[in-house]
Amino acid sequence: MHMSSMWLLCLLAVGIAVALPAGEDANAEIVKLESENTGDKYSFAFETSNGISRQETGEVKPGATEDEGSISIQGSTSWTAPDNKKYEITFTADETGYHPKFRLVT
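Let me sum up the structure you'll find in this document. Predicted model only: the values in this text are computed from it and were never measured.

1. Things to note about the pattern of salt bridges
- A full pass over the atoms with the stated rule returns four salt bridges.
- A salt bridge links E56 to R54; the shortest N-O distance between them is 2.6 Å. As far as burial versus exposure is concerned, E56 and R54 are alike and both buried.
- Between R103 and E88 there is a salt bridge, and its shortest N-O distance comes to 2.8 Å. Of this pair, R103 sits in strand β6 (residues 97-104) while E88 sits in strand β5 (residues 86-94); the two residues are 15 residues apart in sequence, bridging distant segments of the chain.
- When its relative accessible area of 47% is taken as the criterion, R103 is described as partly exposed.
- Taking relative accessible area as the criterion, E88 reaches 18% and is therefore assigned buried.
- Look at the salt bridges and you will find they share partners, linking K32, E34 and E47 into a network.

Here's what the structure looks like:
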């Protein structure tokens, strides 16, 4: 095996090990899941047993022509970090871009 192949395999193994969840997160389960899609509107929400929650709604906004429409999205994500503090990101996304707001909840 060439030396470059060995390095690639080592980097791949380290990447996989780092990407695997550990502890409580590895065993987290979805405790709530809601989803709806009507074609021009959608929404979803979920919560996990380890305190992660996510919700999002979106709506198609028609434009002057079929090719000029846009989508307006609002959502939030919250989680408890290893320091036992709860964080939240709320956001909107539309034709003007992505607008997140980050805050420490507790």
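From this point, things continue past the structure.
2. Focus on the environment of Y42
- Relative to the assigned elements, Y42 resides in strand β2 (residues 41-48).
- Side-chain polar atoms of Y42 contact the side chain of E56, separated by 2.3 Å.

3. A short note on unusual backbone geometry
- Phi at N84 is positive, roughly 65 degrees, even though this residue is not glycine.
- Within the element layout of this structure, N84 appears in the loop between β4 (70-80) and β5.

4. Focus: the sheet that holds strand β3 (residues 53-61)
- As summarised here, the arrangement of the six strands in space is β1-β2-β3-β4-β5-β6, forming an open sheet in which the pairing is antiparallel. The sheet is open, and its two borders are formed by β1 (30-37) and β6, each paired with just one other strand. Averaged over all pairs of adjacent strands, the angle between their axes in this sheet comes to 5 degrees, without regard to strand direction.
- Here eight bridges tie β4 to β5, and the two strands are oriented antiparallel to one another. Note that in β5 the partner of Q74 across the bridge is T92.

5. Thoughts on the environment of A28
- With respect to the helices and strands, the residue A28 is situated in the loop between α1 (3-19) and β1.
- Spatially, the C-alpha atom of A28 lies 6.3 Å from that of T48, the residues being 20 residues apart in sequence.
- Leaving out residues up to four positions away in the same chain, A28 has contacts with S49 and N50.

6. Points about the pairing of β6
- Pairing geometry for β5 and β6, over eight bridges, is antiparallel. If you follow A93 over to β6, its bridge partner there is Y98.
- Counted between consecutive antiparallel strands, the loop separating β5 from β6 contains two residues.

Rules used throughout
Residues numbered from 1 in each chain as written. Predicted model: local features only at pLDDT ≥ 70, side-chain atom pairs only at ≥ 80, totals over all residues. Heavy atoms only, no water. Salt bridge = Lys/Arg side-chain N within 4 Å of Asp/Glu carboxyl O. Buried < 20%, exposed > 50% of the residue type's maximum accessible area, 1.4 Å probe, protein only. Helix = DSSP H or I, 4+ residues; strand = E, 2+ residues; numbered from the N terminus. Polar contact = N/O pair within 3.5 Å; in protein donor to acceptor, adjacent residues only side chain to side chain. Pairing = 2+ DSSP bridges. Axes fitted to C-alpha atoms, helices over the stretch in contact; angles between N-to-C directions. Contact = heavy atoms within 4.5 Å.

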